[in-house]
Amino acid sequence: YGGMGLDFSYNIAVAEELGNIRCGGVPMAIAVQAGMATPALTRFGSDELKKQFLVPTIAGDFVACLGISEAGAGSDVANIKTTAVRKGDEYVINGGKMWITSGSQADWMCLLANTSEGPPHRNKSLICLPMNLPGIHVAKKIDKLGMRSSDTAQIFFEDVRVPSKNLIGEEGKGFTYQMLQFQEERLWGAAIVLKPLETIIQETIDYTRQRKVFDQSVLHNQTVHFRLAELATEVELLRSLLHRAVALHVEGNDVTKFASMAKLKAGRLAREVTDSCLQFWGGMGFTSEVLVSRLYRDLRLMSIGGGTDETMLSIICKYMEILPSK
């Protein structure tokens, strides 16, 4: 379908390299395209659907978005309300989606909707939804704290008709497909933050080495250089966890636990590194002139998007058999 036929480890290599871009929004947009909106289509979609949607997406001619979250259902995917009712050879879609990355410019959406009245984990389906159909309303581009170079939209559906052949895989398997798709998304997320965190630690070392306070460099203080050494160690530990999870995933193992651990650690470490480093920049760190302030805003999303820290902890607990599975 136009790809290189490489395994998932190459996705992660690309994701790590994207971290060299000095903002969060551009790597995130690429991650949605390559690692969030397309894995289920790649794995479960029909040949016809792949030719219609995956080929132009890989070529860069189509922009894809992922339609999961709603105003009343973010990390709680089972609670979504958007419906896709089968009528003849079409689905009629009603509802809305919220916080949709690339939603203002997307050519198609990988949409999760309720297609029956059954149990919440078995009544959902994924559908390839062209975004130029009548009844699709992009309500607004959301103004955000960070990731400001990435458009994030609120979208409503009013009697949108889409061919039933646009169903990805089997009807009722959408929740399962999305849970699998989430694992690759979360590994992408962990990979994308590694380089920015390394960069900001190094830039903080350089800045505090030349910045003088009370006749000595800020870096000369033990509390500063010890803290930076701790943070660098944490980043390396995250990289090791990520690479272990990716290796297991490539071998065909269920990496839900490790992907959730990596996502949790990435979100928390992004907050810890950017906050600690910004403090060492002093007043300059509170300006918009330096990278640390941008990453402080941009990377805050890591603990929220793609499943909150609290959701990751619940998944980890389930796999550790601390909590009963639902």
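Residues numbered from 1 in each chain as written. Predicted model: local features only at pLDDT ≥ 70, side-chain atom pairs only at ≥ 80, totals over all residues. Heavy atoms only, no water.

- With an unreviewed UniProt entry as reference, the protein is termed IVD dehydrogenase, source organism Serilophus lunatus.
- Word for word, the UniProt comment on the protein under Cofactor (unreviewed entry) is "FAD".
- You can read under Pathway (unreviewed entry) in the UniProt record for the protein the words "Lipid metabolism; mitochondrial fatty acid beta-oxidation." (UniProt positions renumbered as here; feature names shortened; annotations may be inferred.)

What to know about helix α8 (residues 291-298)
- For α8, the full list of buried residues reads Leu291, Val292, Ser293, Leu295 and Asp298.
- Those residues of α8 hidden inside the fold are in contact with α2 (25-36), α5 (174-210) and α7 (256-281). (Buried < 20%, exposed > 50% of the residue type's maximum accessible area, 1.4 Å probe, protein only. Helix = DSSP H or I, 4+ residues; strand = E, 2+ residues; numbered from the N terminus. Contact = heavy atoms within 4.5 Å.)

Overview of a nonpolar patch on the surface
- On the surface, a nonpolar cluster with roughly 250 Å² of combined accessible area is contributed by Tyr1, Val55 and Ile58.
- As for its position among the elements, Tyr1 is in the segment before α1 (8-18).
- Judged by relative accessible area, which is 43%, Tyr1 ranks as partly exposed. (Patch = residues over 30% accessible without salt bridge, like charges linked within 9 Å, V, L, I, M, F, W, Y side chains within 5 Å. Areas by Shrake-Rupley, 256 points an atom, 1.4 Å probe, with all protein chains shown as cover. Salt bridge = Lys/Arg side-chain N within 4 Å of Asp/Glu carboxyl O.)

Overview of the pairing of strand β5 (residues 124-130)
- Here β5 lies mainly inside the structure; 7 of its 7 residues are buried.
- Here β5 shows no split at all, with Lys124, Leu126, Cys128 and Pro130 on one side and Ser125, Ile127 and Leu129 on the other all buried.
- As paired strands, strand β4 (residues 108-114) and β5 are joined by 7 bridges and run antiparallel to one another. Counterpart to Leu112 in the pairing with β5 is Leu126.
- Where β5 meets strand β8 (residues 167-168), 2 bridges bridge the pair, whose relative direction is antiparallel. (Pairing = 2+ DSSP bridges.)

What about the environment of Gly19?
- Mapped onto the elements of the fold, Gly19 is located in the loop between α1 and α2.
- By relative accessible area, which is 5% here, Gly19 ends up buried.
- Along the sequence, Gly19 and Pro196 sit 177 residues apart, while their C-alpha atoms lie 5.5 Å from each other.
- Excluding anything up to four places from it in sequence, Gly19 contacts Ile192, Lys195 and Pro196.

Looking at the packing of aromatic side chains
- Taken as a whole and judged by the stated rule, the model has 3 aromatic pairs.
- Summarising the aromatic geometry, the rings of Phe44 and Tyr177 are spaced 4.0 Å apart at their centres and angled 15° between planes, so their arrangement reads as stacked. Here the residue Phe44 occupies a position in helix α3 (residues 39-44), and Tyr177 occupies one in helix α5, the gap between them amounting to 133 residues.
- Measuring from ring centre to ring centre gives 5.3 Å for Phe53 and Trp108, while their planes differ by 50°; the resulting arrangement is tilted. Taken as a pair, Phe53 in helix α4 (residues 47-59) and Trp108 in strand β4 lie far apart in primary sequence, 55 residues in all. (Phe/Tyr/Trp six-rings, centres within 6.5 Å; stacked < 30°, edge-to-face > 60°.)

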